[in-house]
Amino acid sequence: LRSWNELLEYIAKDLSRRFQLADELSFTPIEASDSFAKVLRAIERDRGVRRIVLMFDEVEWISPGTAREEHWDSEFSDFWHAIRTLQTLDTFVAVIIAGVHPSMVESHRFGRCQNPLFGIVSTTYLSGLEAEESAEMIRSIGKVMGMQFTPEALQYLHELYAGHPLLTRLACSY
């Protein structure tokens, strides 16, 4: 996986390509935050975009204690400090964080570093799918694979996994 500054560079280059901006900025650890901010400000200024929403799904991959790559134990703070700094200076940036492990916003420290997300992220926990939603998901995924499920099987899966989408999908795959 990418380091914190390489991830900022990846996002900046993708945005630069989408908004047809020059992307000749440096993303060394010293310059990454400023370069990322320049790209977002150029999108706002030059392209007239009034709101930029950055969404991070499966943040466990870049969170201390859950990331596969150990460097995120120390680089988590660098990455989120860059995002938070930009967000506090420029109100046109909004961030949505999604994942299954809430420790990244519930822990006040990671090692010797203060967690830049602690106390500022509004947390919303999703409930399981309703029985019909769960059945619809199972039927649609099963259809692609040529499988059909009886109503009793759909009901059993919903009762067993309480509508949890991932656990239900894993059970169906098994």
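A brief structural summary. (Residues numbered from 1 in each chain as written. Predicted model: local features only at pLDDT ≥ 70, side-chain atom pairs only at ≥ 80, totals over all residues. Heavy atoms only, no water.)

The next point concerns the side chain of His158. Inspection of the secondary structure puts His158 in helix H6 (residues 151-161). Among the residues examined, His158 registers a relative accessible area of 18% and is labelled buried. From its side chain, His158 meets the backbone nitrogen of Ala131 in a polar contact 3.3 Å long. Setting aside its immediate chain neighbours within four residues, His158 contacts Leu129, Glu130, Ala131, Ser134 and Gly163. (Helix = DSSP H or I, 4+ residues; strand = E, 2+ residues; numbered from the N terminus. Buried < 20%, exposed > 50% of the residue type's maximum accessible area, 1.4 Å probe, protein only. Polar contact = N/O pair within 3.5 Å; in protein donor to acceptor, adjacent residues only side chain to side chain. Contact = heavy atoms within 4.5 Å.)

Turning our attention to the pattern of salt bridges. One pass over the full model with this rule turns up six salt bridges. Note that Arg18 and Asp14 form a salt bridge whose closest N and O atoms lie 2.9 Å from each other. In this pair, Arg18 and Asp14 are both assigned in helix H1 (residues 4-18), four residues apart and thus about one turn of the helix distant. A salt bridge links Asp46 to Arg45, with the shortest nitrogen-to-oxygen separation between them at 2.9 Å. Among the residues examined, Arg45 registers a relative accessible area of 59% and is labelled exposed. Counted as one network, the salt bridges with shared partners bring together Asp14, Arg17 and Arg18. (Salt bridge = Lys/Arg side-chain N within 4 Å of Asp/Glu carboxyl O.)

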